[in-house]
Each structure stands twice: as structure tokens, then as C-alpha cells.
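# Report on the structure
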Amino acid sequence: MTWKPGDRREPVASMIRVDQAGEYGATRIYAGQLAIMGDRHPMAREIAGMAEQEAVHRAFFDAAIHRRRVRPTLLQPFWNVAGYALGAVTAAIGPEAAMACTAAVETEIDRHYEDQLVELGDDDAELSTAVRRFQAEELEHKETALAHGAERAPAYPLMSAAIRLGCRVAIAASKHI
């Protein structure tokens, strides 16, 4: 079936595709951070808690992809490696850089989810309820990251800008590819 203006199926499918990819990427970022920090690092408990929430978000979108017959992004193998590498590199720089990564990613995800909520309006209660809940949890992650020194990371403004740009590129690419 061809998408026509006013038909919500394709935009919603695109939302689900990109959200699943993003939550998958988030789980990989935290996996990379934990691989470097280990479970004894003081920040490991915070990171593991955020990772658990991301896994719940991902499970929702994994199920939505299956249930709604949405094609997942073809870029998932790339997000697997890129997410893990981003997490590992930022953790290797130090715990504040790992938190800077979280703050940057969650800043973009908050904006992305807000845009989706506006576009959805009242058209898809299941999706908008989940996105609203996940957005609140992502904001908690951002606040946790800031409270744990994200802004004290080396070259924070540059690191944050680069990670945020990467997120915007990943969102745009995953919508279509």
C-alpha cells in the first residue's frame, strides 16, 4: 500500500523503527560503558540501572515492530558496533565522560520524543503513552548524568555537541534505512 497524506501508518512505522533503533543503541552504549568500568566502579550501579530501563524501552519497541509489522532499520548492525564503541570510549576517558555521553544522548532523545508526541497527538494512545513514559525516564537519566559530573568531562562542550550531532544523524538515517 502506498502512503498518502493523512495516512498515519507510515509515519508511525517510521517512529517505531527509529525508536527501536535508538533504544537498541542505548543498550549498546551502556554495555560498552560497563565493559570498561566493570561492576565495581562507583558509577556502575547508576549505569546498570539506566541500562535496565533502556532494556525495557527496547523490549516495548521490539514487540511493537513485531506486532505492527514494521520493518526494522537495516542499520542495526552498525548501531550495535557504534553504540558499544561510543560507550567504551567515553568510559575509557573517565566516568564524567561516560556521564557526558548520557547527558548528550538524552538531550536529543528528549527533543525527539517531544516531536513525536506532538506529531502523534491523540492518534495512537498506546504509542504516545509509552513515549511519554520513556521520555520521563530519559530525562531522569540526563539529570542523573548531570548530577554525576557530566559537565566536568574533558572538552564537555565539544564532546556533547559531537554526540548530539551523531544522535540526530542516527535518528534521521534510521527513519528511512
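Reading the values: rules and limits
Residues numbered from 1 in each chain as written. Predicted model: local features only at pLDDT ≥ 70, side-chain atom pairs only at ≥ 80, totals over all residues. Heavy atoms only, no water. 1 Å grid on protein atoms, 1.4 Å probe; cavity = no way out; pocket = protein on both sides within 12 Å on 5 of 7 lines; lining within 4 Å. Points joined across faces, edges and corners; volume = space filled by probe spheres on them. Helix = DSSP H or I, 4+ residues; strand = E, 2+ residues; numbered from the N terminus. Contact = heavy atoms within 4.5 Å. Phe/Tyr/Trp six-rings, centres within 6.5 Å; stacked < 30°, edge-to-face > 60°. Buried < 20%, exposed > 50% of the residue type's maximum accessible area, 1.4 Å probe, protein only.

To continue, consider empty space enclosed by the protein. In total, this model carries 1 cavity of 30 Å³ or more according to the counting rule given. Together, Ala26, Ile29, Tyr30, Glu54, Cys101, Thr102, Val105 and Glu106 line the largest cavity. Of all the secondary structure elements, the ones that give two or more residues to the lining of the largest cavity are helix H1 (9-37) and helix H4 (95-120). With 4 residues, H4 is the largest single contributor of residues to the lining of the largest cavity.

Its location among the elements puts Ala88 in helix H3 (residues 76-93). If near-sequence neighbours (up to four positions away) are discounted, Ala88 is found in contact with Gly32, Gln33 and Ile36.

Working definition: an aromatic ring pair is given by the centre-to-centre distance plus the angle between the planes. Using the criterion set out here, one finds 4 aromatic pairs in the structure. Seen from their ring centres, Phe60 and Phe61 are 5.1 Å apart, and the 85° between their planes marks the pair as edge-to-face. Owing to a relative accessible area of 0%, Phe61 belongs among the buried residues under this scheme. Relative to Phe134, the ring of Phe60 has its centre 5.6 Å away and its plane inclined at 75°; by these criteria the two rings are edge-to-face. One end of the pair, Phe60, is in helix H2 (residues 44-67); the other, Phe134, is in helix H5 (residues 125-147), and 74 residues separate them in sequence.

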